[in-house]
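Report on the structure
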Amino acid sequence: MSTLLKKIFFFFLVSFSAFFLLKFSLRNFQQKNYNSAFVDKLKILKANKLNRKIILFGGSSVGWGFSAELIEHKLGIKTINLGHSMGFGLTEIQPFLMQNLTSDDIIVFSPEWKFYTSPEYYDTATLENLYRYNYEYGKLIGNVKYEIKSYLSKIQLGIGQLENHNTAYIYNCLNKNGDVISQCNLTGPGPRYYGIDNTPLKLDVFPKYFPFLLTHKVIFAFPPTQERIYKEFGNRLNFIQKSVLDQHYLMVDSVKDNVYPQSVFFDAEYHITCDTRTHRTEKLISYLQKFIK
Amino acid sequence: MLFNSFAFMAFLPIVFLLYWFVFNRNLKQQNLLILVASYVFYGWWSWKFLILLAGSTLLDFLYGFGVASKNRSKAKLFLWLGVINNLGILAVFKYYNFFALQFQQGFELIGLHVNPVLLNVALPVGISFYTFHGMSYVFDIYRGVRQPVASFFEYAVFVCFFPLLVAGPIERANHLLPQVQTKRVFNYSQMVEGCRLMLWGMFKKMVIADGIAIAVDDIFKNYPSHSAYSLIVGAIGFSFQIYCDFSGYSDIALGTSKLFGFELLSNFRFPYFSRDIAEFWRRWHISLSSWFRDYLYIPLGGSKNGKLTAVRNTFIIFLVSGFWHGASWNFIIWGGIHAIGFLPLLLLNKNRKNVTEVVAYDRKLPNVKELWQMLTTFLFVTFAWIFFRIDGLSNAVGYCKQIIVNSIQDPGQYLRRPPGLSIYIYIIPLLLIDWWLRRNERVVRLTNFRVVNWLIALVMAFFIINNFLGYLDVKPTSFIYFEF
């Protein structure tokens, strides 16, 4: 019996040690997915820490809805698109964002509607996928817990998965400014319907969650909104707009200016097509030109 | 409690150590611990299931005494009570809603609208397995091949021994009860074999079956949008997924039992190396097919009363076997397809051609004829699996239709690389290992070199640990046969 127990113990010891050693040495070679591209955006920000820049900040409505590349081209200022997925939440990377801003950076802040009532919102599964399978994320934002959890995650071997060539949700989805461009030659399934909640707005506590509101030049932009959503929740959305104005924040344009027919949406709630994004960004550029002057 | 769960990883060593170090003084203590552990294992799903399990066990135990009566009418009465009791449990929990809906549809065909009461109860895990244990016990007593056991504890251990409780192998009273009634002694080589079987079973389930499932699930779920080539790959993938899932479970069950000094019946003997459908059924889910053979096919007359009776009985056991898997027309059709595949062999008296040894037993490789036979048998079985896997008969037909229509529309696809081809990364090594092991399914020993065997085991452990870590994010995937 003792021989058996010793052998089993030895087997477990060797196999677990070998596994975790390998895991440790492979920690920077995790298989990348769409979420991993967000880490690349943070790296672009870090690389431009000392440069004057325009930051486009929000969830995927920003990543898919503005072209930082076009802004940079037209205005000649480094522009980074940090919007990627609403599910990551916006609050967690605030310390990292603040560390990598210069005092004269400009932030175009475009939170999705959900954040107006829940600025601390994030989706657990999406965020977990980000930090578990992207060791560098925890390292970049200085979260040791995430680093450990990433270390304890599965090595994604990626075999058995279907090779889907017809999706925008791939790792190589960005241009050098961080805009999501993988959808540009694809046809999307069209947008999803969503509701707007009626709970009290938390604009008054925004500076607590988004400290750049107190320290930097910030311009609010509203997310691209489907006509049917505006038709149903127009009053509520206009109330949000009024509340932003009441807080004396600057705004690119109105909620109504960002209402588009369903046909120009690629998928999800806010993802617009590349052509629409260009028109929308041009409006932002003309506003920024005035603002910069 | 799933075998591939953190709970079981804690449960098993605790029970093992208690069994051999604390409760090892006498048979009663050993059986008591097994019984308590089995109830904990089963109650992990829901304690409510335990009531049904305990009730069913007690009734079958009591019927056993009646069935043993020398008065044949009394024995027959108790036999029927045992059968009605077990089939009644299955009828209520597994089949009631199916029949109610069939009656409703039938009445609607003649213009009558009825609203049957449907039961909203969860299907207790492993119900089809332990009820069959109970029935085999009363059948064996009735046939005079064994006497009823005097100890309820011993009988309860036979029914609910945790490694086989939820998905078999379906044990026979004559095989397992004598082991329950004898004090188990520690046997080093049996333990080592048990550990090897468990490791191989875990690898088959957690790495191969769950790995293949990613592509297969997508293909079956979105079959209308897939090409014919993908659908064929999906069907082949499912053939291996279900094989690794179920035979993996059986290996873990056999291995776990060995750790407690028990030897269970083999459930799989490399079924995809079968040369015809008859051989396939002697190698696939052996404990179920032999159960139906002994307790249904032979009592119905088997093949002794002429060809017509044999054909009728063959169809009966295949259809019942299909229905045993679940209350759905898909399973019945699946059974029917196998019966049709079996029919030519029966009519030509070729159904007992490959009875004893596995293909190429005394050679390294099969010959061309054997290879062709194995391939055609596999493709036939794979075709039938489509009906087993997909929900709804119309979807199964749609899946097959899509393969034909899309092949005609785009024959060039077979020259291109299909999606999902990566599942062969799992299948090819599996086939090679199975081929190597094919002479003895109970001994997982790849080479005669200890160091090489250790290295292979460590590689397997690496992949298993990796998949276990995945359970930090998502719940472990259940075994397919737990649904039955």
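These remarks concern the structure in this document. (Residues numbered from 1 in each chain as written. Chains lettered and ligands numbered in written order. Predicted model: local features only at pLDDT ≥ 70, side-chain atom pairs only at ≥ 80, totals over all residues. Heavy atoms only, no water.)

So, the sheet that holds strand β3 (residues 106-110) of chain A
All names here are of chain A. Judged by pairing direction, the sheet is parallel, and its five strands sit side by side in the order β2-β1-β3-β4-β6 without closing on themselves. A single partner strand is all that each edge strand has here, and the edge strands are β2 (78-81) and β6 (250-251). Where strand β1 (residues 53-58) meets β2, four bridges bridge the pair, whose relative direction is parallel. Of the residues in β2, the one forming a bridge with Ile 55 is Ile 80. On the sheet, helix α2 (residues 36-47) packs against β1 and β2 and is oriented at approximately 155° with respect to β2. Strands β1, β3, β4 (217-220) and β6 of the sheet are contacted by helix α13 (residues 274-292), whose axis makes an angle of about 140° with β3. (Pairing = 2+ DSSP bridges. Helix = DSSP H or I, 4+ residues; strand = E, 2+ residues; numbered from the N terminus. Contact = heavy atoms within 4.5 Å. Axes fitted to C-alpha atoms, helices over the stretch in contact; angles between N-to-C directions.)

Side note on the nonpolar core
Core analysis: the biggest nonpolar cluster contains 162 residues, and Phe260(B), Tyr272(B), Trp284(B), Trp385(B), Tyr399(B) and Tyr481(B) have the highest contact counts within it. The element that contributes the greatest number of residues to this core is helix α9 (residues 188-221) of chain B, accounting for 17 residues. For this core, the domains that each give at least three residues are domain 1 (6-185) and domain 2 (189-275 + 354-483) of chain B. Leu42(A), Phe115(A), Tyr131(A) and Leu203(A) belong to the second largest nonpolar core, which has 51 residues in total. (Core = buried A, V, L, I, M, F, W, Y, C linked by side-chain atoms within 4.5 Å. Buried < 20%, exposed > 50% of the residue type's maximum accessible area, 1.4 Å probe, protein only. Domains from an automatic or database assignment.)

Side note on a nonpolar patch on the surface
Together, Val92(B), Tyr96(B), Leu101(B), Val117(B), Leu118(B), Leu119(B) and Val121(B) line one region of the surface with nonpolar side chains, adding up to about 550 Å² of accessible area. Structurally, Val121(B) is set in the loop between α4 (72-109) and α5 (127-142). (Patch = residues over 30% accessible without salt bridge, like charges linked within 9 Å, V, L, I, M, F, W, Y side chains within 5 Å. Areas by Shrake-Rupley, 256 points an atom, 1.4 Å probe, with all protein chains shown as cover. Salt bridge = Lys/Arg side-chain N within 4 Å of Asp/Glu carboxyl O.)

Regarding the interface of chain A and chain B
The partner chain B presents 36 residues to the 27 residues of chain A that form the contact. Applying the counting rule to chain A against chain B returns zero salt bridges. Across the chain A-chain B interface, the total number found is one residue pair in polar contact (both at pLDDT 80 or more). Elements with a contribution of two residues or more to the side of chain A that touches chain B: α1 (2-25) and α7 (124-132) of chain A. Looking at the side of chain A that touches chain B element by element, the count peaks at 13 residues for α1(A). (Polar contact = N/O pair within 3.5 Å; in protein donor to acceptor, adjacent residues only side chain to side chain.)

A few points about the pattern of salt bridges
Throughout the structure, instances matching the rule amount to 26 salt bridges over all chains. The partner of Glu193(B) in a salt bridge is Arg196(B), with the nearest N and O atoms 3.2 Å apart. Residue Glu193(B) and its partner Arg196(B) are located together in helix α9, separated by three residues, close to a single helical turn. A salt bridge links Glu441(B) to Arg269(B); the shortest N-O distance between them is 3.2 Å. Here Glu441(B), found in the loop between α17 (424-437) and α18 (450-470), pairs with Arg269(B), found in the loop between α10 (228-259) and α11 (277-283); they are 172 residues apart in sequence, far enough to count as distant. The structure contains a network of salt bridges with shared partners spanning Lys32(A), Lys43(A) and Glu136(A).

Here's the deal with the packing of α4(B) against α5(B)
Residue and element names in this part refer to chain B. Between α4 and α5, the least distance of the axes is 10 Å, while the angle of their chain directions is 175°. Comparing the axis directions of α4 and α5 gives the class roughly antiparallel. Residues Arg 72, Ala 75, Lys 76, Leu 79, Val 83, Asn 86, Leu 87, Ile 89, Leu 90, Phe 93 and Lys 94 of α4 pack against Ile 127, Ser 128, Thr 131, Phe 132, Gly 134, Met 135, Val 138, Phe 139 and Tyr 142 of α5. When its residues are assigned to classes, the contact of α4 with α5 shows 13 nonpolar, four polar and three charged. (Parallel < 35°, antiparallel > 145°, perpendicular 65-115°, else oblique. Nonpolar A, V, L, I, M, F, W, Y, C, P; charged D, E, K, R; others polar.)

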